[in-house]
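# Per-entry structural report
Now for the letters of each chain:
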Amino acid sequence: MASRFRKHFRQAPPQLPIIFLSGQADVASAVTALKRGAFDFLEKGSFTPQKLLALVGDALNQHRLRLEKREHQAALRSRLAQLTPRERQVASRVADGKANKVVASELAISERTVEIHRHNLLKKLQLRSAAQLAKLAPEINQLDAR
């Protein structure tokens, strides 16, 4: 069973936090486990039950935060997918702090059209203001880069 687990662990990073406990720990094994995504690596007899419980709590908390981030990113991707190409262009410029008049000039459209696109994109992204869009822009750019 242990060899089957090792093989699986080598193939893909774990989805749940893994804390290795080993009776025959060596530095190379510990380094490999940590590089491949293990939360921690402990040698049997080198920890107290309280330390292990605290470590499990930390691992579960980190896992919960990672899941929340993934869910948030998936929801944001879903909302971004609703934007038209023109709304994306307007969003990018509004997030940069450009006035409607400047955006209209850059995109060769009317200021009223920018206002409509701006209203629609904020609604689709479930935002109330350009300030919220500007705050979200780095995260949007990071998702676009992937």
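Preceding this paragraph is the structure being described.
Before going into details, it helps to say that this report is about the structure given with it. Think of each chain on its own: its residues are numbered from 1, step by step along the sequence as written. Residue-level local features of this predicted model are given only where pLDDT is at least 70; pairs of side-chain atoms are given and counted only at 80 or more, and the full residue set underlies all totals for whole chains, interfaces and linings. For the side-chain quantities, the full set of heavy atoms in the structure was used; hydrogens and water were omitted.

### Quick notes on the environment of Leu16
In DSSP terms, a helix is any run of H or I states spanning at least four residues, a strand is any run of E spanning at least two, and both are numbered starting from the N terminus. With respect to the helices and strands, Leu16 occurs in the loop between α1 (2-11) and β1 (19-22). For the pair formed by Leu16 and Phe39, sequence separation is 23 residues and the distance between their alpha carbons is 9.2 Å.

### Regarding helix α5 (residues 100-107)
Turning to α5, its buried residues number three or more, namely Asn100, Val103, Ala104 and Leu107. Buried residues of α5, seen end-on, are gathered within an arc of 100° and therefore sit on one face of the element. Across from the buried face of α5, at angles greater than 90 degrees, the exposed residues are Lys101 and Ser105. Pairs of residues are marked as contacts when any of their non-hydrogen atoms sit within 4.5 Å. Buried residues along α5 sit against α4 (85-95) and α6 (111-124). Think of it in three bands: residues with accessible area under 20% of the maximum for their type are buried, residues over 50% are exposed, and the middle band is partly exposed, with areas taken using a 1.4 Å probe on protein chains only. Taking the helix axis as origin, the arc is that swept by the directions to the C-beta atoms.

### A short note on the pairing of β1
Residues Phe20 and Ser22 point to one face of β1 and are all buried, whereas Ile19 and Leu21, pointing to the other face, are not buried. For two strands to be treated as a pair, DSSP must find no fewer than two bridges joining them. Note: β1 against strand β2 (residues 40-43), 4 bridges, orientation parallel. Across the sheet, the residue bridging to Leu21 is Leu42, located in β2. When the strands point away from the viewer and the connection leading from the first strand across the helix to the second strand turns clockwise, the crossover is called right-handed. You can see the chain leave β1, run along helix α2 (residues 27-35) and come back into β2, and the turn it takes is right-handed.

### Remarks on the packing of helix α3 (residues 49-81) against helix α7 (residues 130-145)
What counts as an axis is a line fitted to C-alpha atoms, over the stretch in contact for a helix, and the angles between N-to-C directions run from 0 to 180 degrees. For the pair α3 and α7, interaxial distance at closest approach is 11 Å and the crossing angle is 85°. Judged on the interaxial angle alone, α7 and α3 are roughly perpendicular. Side by side, α3 and α7 meet where His72, Gln73, Leu76, Arg77 and Leu80 of the first sit next to Leu136, Glu139, Ile140 and Leu143 of the second. Asp, Glu, Lys and Arg are counted as charged, while Ala, Val, Leu, Ile, Met, Phe, Trp, Tyr, Cys and Pro are counted as nonpolar; the rest, among them Gly, fall into the polar class. Looking at side-chain class alone, the contact of α3 with α7 contains 5 nonpolar, 2 polar and 2 charged residues. Each angle receives one of four descriptions, namely roughly parallel if under 35 degrees, roughly antiparallel if over 145, roughly perpendicular if within 65 to 115, and oblique otherwise.

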